[in-house]
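Analysis of the macromolecular model
Here are the chains, one letter per residue:
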Amino acid sequence: QVQLVESGGGLVQAGGSLRLSCAASGLTFSAYVMGWFRQAPGKEREFVAAIRPSGISPYYADSVKGRFTISRDNTKNTVYLQTNSLKPEDTAVYYCAAHDYYGAVKDGSRYYNYWGQGTQVTVSS
């Protein structure tokens, strides 16, 4: 049974930082693309970042480029999202997700096979 468990969310002031973690089990972690998505109240789920099994050439949404960093530790079956210079518009539930890797990193949620339950990030102004 595949499980993705996020942690690290919380309440932070604008300009602050949070490090989100996602621990995976029940899958061959090093064979999957790992991604982060977010969903704000009343809005659709949107892509944030994704990283190949090798960890090279991460891919970001334009809205977070230069502020967020995705990384992974295949020895710990964990993917991270370092969020810096947070803005109130970053407030959302952040989800970790995984998809099979066939040579491309996907930013569409429909390609992702497995999802976590989410962790709330709230940025106050």
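Residues numbered from 1 in each chain as written. Predicted model: local features only at pLDDT ≥ 70, side-chain atom pairs only at ≥ 80, totals over all residues. Heavy atoms only, no water.

1. Here we look at the overall build of the protein
- The helix and strand inventory of the protein stands at 0 helices and 11 strands.
- Seen in sequence order, the protein has helices and strands lined up from the N terminus as β-β-β-β-β-β-β-β-β-β-β.
- Computed over the C-alpha atoms, the radius of gyration of the protein is 13 Å, within 12% of the 14 Å expected from 2.2 N^0.38 for a compact globule of 125 residues.
- Judged by the C-alpha coordinates and their principal axes, the protein covers about 40 × 30 × 25 Å. (Helix = DSSP H or I, 4+ residues; strand = E, 2+ residues; numbered from the N terminus. Rg over C-alpha atoms; globule rule 2.2 N^0.38 Å.)

2. Focus on the packing of aromatic side chains
- What the rule picks out here adds up to 6 aromatic pairs.
- Ring centres 5.6 Å apart and planes at 75° place the aromatic pair F37 and F47 in the edge-to-face group. Taken together, the residues span a long stretch of sequence, with F37 in strand 4 (residues 32–39) and F47 in strand 5 (residues 46–51) at a distance of 10 residues. Side by side, F37 and F47 carry an identical accessibility label, which is buried.
- Geometrically, the ring pair formed by F37 and Y112 is edge-to-face, given 5.0 Å between the ring centres and 80° between the ring planes. Placement of F37 in strand 4 and of Y112 in the loop between strand 9 (92–100) and strand 10 (114–115) is noted, with a sequence separation of 75 residues between them.
- Here a set of aromatic residues connected by ring pairs shows up, and it is made of F37, F47, Y59, Y112 and W115. (Phe/Tyr/Trp six-rings, centres within 6.5 Å; stacked < 30°, edge-to-face > 60°. Buried < 20%, exposed > 50% of the residue type's maximum accessible area, 1.4 Å probe, protein only.)

Function-wise, these values are silent; they only describe arrangement.
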